[in-house]
Amino acid sequence: MYHDRYSETFKAKKNDPQFRSLARQAKNKCNLILQAPYGACKSEPLKYEWARKRSGRLTDQLRIIYKICEECQKRGEQESNHMISCLSCEGVPVKTVNFLDITEYH
Amino acid sequence: MREWRTAEEGIIDKALYLSLLDLVAHQKEEGGTIVGNKIKCMKLPFLVGYPMFEKRSKMFNLTFFQYEYGPFSKHIYEVWGDLEGVGCLAFIDKNWIELKDEGHRIAHAFIDEVLSRTENRIFLEQLQDVARKYGRLAPPAIMNIVYNMEVYVLELRERLKVRDVPMGVNFIYTLDDNEARSKLEIEQGWLETLAIELNPANKHSIVRAIEDFHEGRVLTHEEVWSNVS
């Protein structure tokens with residue numbers, strides 16, 4: 001099981017009236033991702049400038065966007081790419097999933 | 001055939017449209033970034049889409065019908081709104097479309113990684129063909145070419161020049177997968193990426209989320225889920 005961290009934006013989205021009814025489902029999906037972040041919820045690695053981030057399915061119309069520290073550190077790009085790096089990796093277990101956002105698929 | 005698009009088809013249309021504008025912009029001798037006015041930028045995807053629709057090749061999913069200045073698609077307005085919202089294009093004097101650097105960058109990546117694949121070459125060639133033939137023409141010349149095109153109007157079951165098609169009648173419908181003889185192939189990872197990159201609300205939200213991590217606004221499991229059973 002991976003560790004988890006969340007952005008404030010993720011929490012705000014989870015609490016948004018538009019998504020509030022899906023909170024339980026979102027929690028379950030996040031737990032599935034924490035068990036198997038590379039395969040759960042039809043996980044897809046993103047492309048282009050969003051590389052090293054992933055999209056997992058919350059529903060057909062909604063996506064959970066996240067990144068895995070392990071994947072980021074393997075690439076060794078956490079220093080050079082501002083779209084990837086966190087404030088600091090120090091003290092963060094390598095097996096951590098960082099949940100960024102809930103987005104709409106359209 | 002239908003007049004509505006799925007979410008996925010809408011995503012594909014935005015990426016194809018951006019690629020078309022990029023290829024057209026490269027036709028300009030002075031390398032200008034203004035692609036054309038709204039009328040030209042409405043007719044260009046029709047010039048790409050109609051021949052493909054006739055061949056039952058599923059590429060653009062835009063529906064076009066006869067309106068005041070010829071073939072018109074409401075979907076193009078959605079595309080313009082989203083591409084403007086993510087900084088790929090800008091309107092000058094509310095009528096002229098300028099492709100921004102961000103639009104060029106995304107278009108190049110999409111062309112290189114998706115449209116240049118062997119199975120998608122016919123679709124890229126169709127975009128390049130239209131850009132080459134019509135990219136440098138002024139809007140009135142393009143209007144004239146479109147008005148004189150012959151099309152088969154499904155609703156009326158006859159071939160007509162575009163100028164003779166009655167108002168409100170459809171030229172192009174969205175093809176269902178089982179009606180298409182060929183179809184643009186896009187891997188799911190690219191669709192997921194475009195759903196972020198070309199959707200203003202998604203893009204701005206994720207940029208904010210990344211800033212949260214940069215600036216230490218990071219929450220624990222408990223802080224997020226304590227009120228959810």
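I will try to describe carefully the structure that is included in this document.

What counts as what
Residues numbered from 1 in each chain as written. Chains lettered and ligands numbered in written order. Predicted model: local features only at pLDDT ≥ 70, side-chain atom pairs only at ≥ 80, totals over all residues. Heavy atoms only, no water. Helix = DSSP H or I, 4+ residues; strand = E, 2+ residues; numbered from the N terminus. Buried < 20%, exposed > 50% of the residue type's maximum accessible area, 1.4 Å probe, protein only. Contact = heavy atoms within 4.5 Å. Areas by Shrake-Rupley, 256 points an atom, 1.4 Å probe, with all protein chains shown as cover. Arc of directions from axis to C-beta. Buried area = accessible area lost by both parts, 1.4 Å probe. Salt bridge = Lys/Arg side-chain N within 4 Å of Asp/Glu carboxyl O. Polar contact = N/O pair within 3.5 Å; in protein donor to acceptor, adjacent residues only side chain to side chain.

### Re the overall build of chain A
The secondary structure content of chain A amounts to 3 helices and 5 strands. Burial status across chain A gives 55% buried among its 106 residues. Here the contacts in chain A between residues at least 6 apart in sequence split such that 63% fall between residues at least 24 apart. Summed over its atoms, the accessible surface of chain A is roughly 5000 Å², and 47% of this surface lies on carbon and sulfur atoms.

### With respect to helix α6 (residues 139-147) of chain B
Residue and element names in this part refer to chain B. If you check which residues of α6 are buried, you get Pro 139, Ile 142, Met 143, Val 146 and Tyr 147. Considered in projection along α6, the buried side chains sweep an arc of 135° and stay on one side of the axis. As for α6, its buried residues are in contact with β1 (34-37), α2 (38-54), β4 (70-72), α5 (121-134) and β8 (158-161).

### A closer look at the interface of chain A and chain B
Across the contact, 42 residues belong to chain A and 42 residues belong to chain B. Here chain A packs against chain B, burying approximately 3800 Å² in sum over the two surfaces, 61% of which is carbon and sulfur. Together, A:Tyr48, A:Trp50 and A:Tyr105 form the three largest contributors to the area buried by chain A at its contact with chain B, with a combined 21%. Our count for the contact surface shared by chain A and chain B stands at 3 salt bridges. The interface formed by chain A and chain B includes 23 residue pairs in polar contact (both at pLDDT 80 or more). At the level of elements, β1 (3-7), α1 (8-15), α2 (23-35), β2 (44-45), β3 (54-57), β4 (62-68) and β5 (96-104) of chain A are the ones that each hand at least two residues to the side of chain A that touches chain B. Among the elements that line the side of chain A that touches chain B, the one with the most residues is α1(A), at 7 residues.

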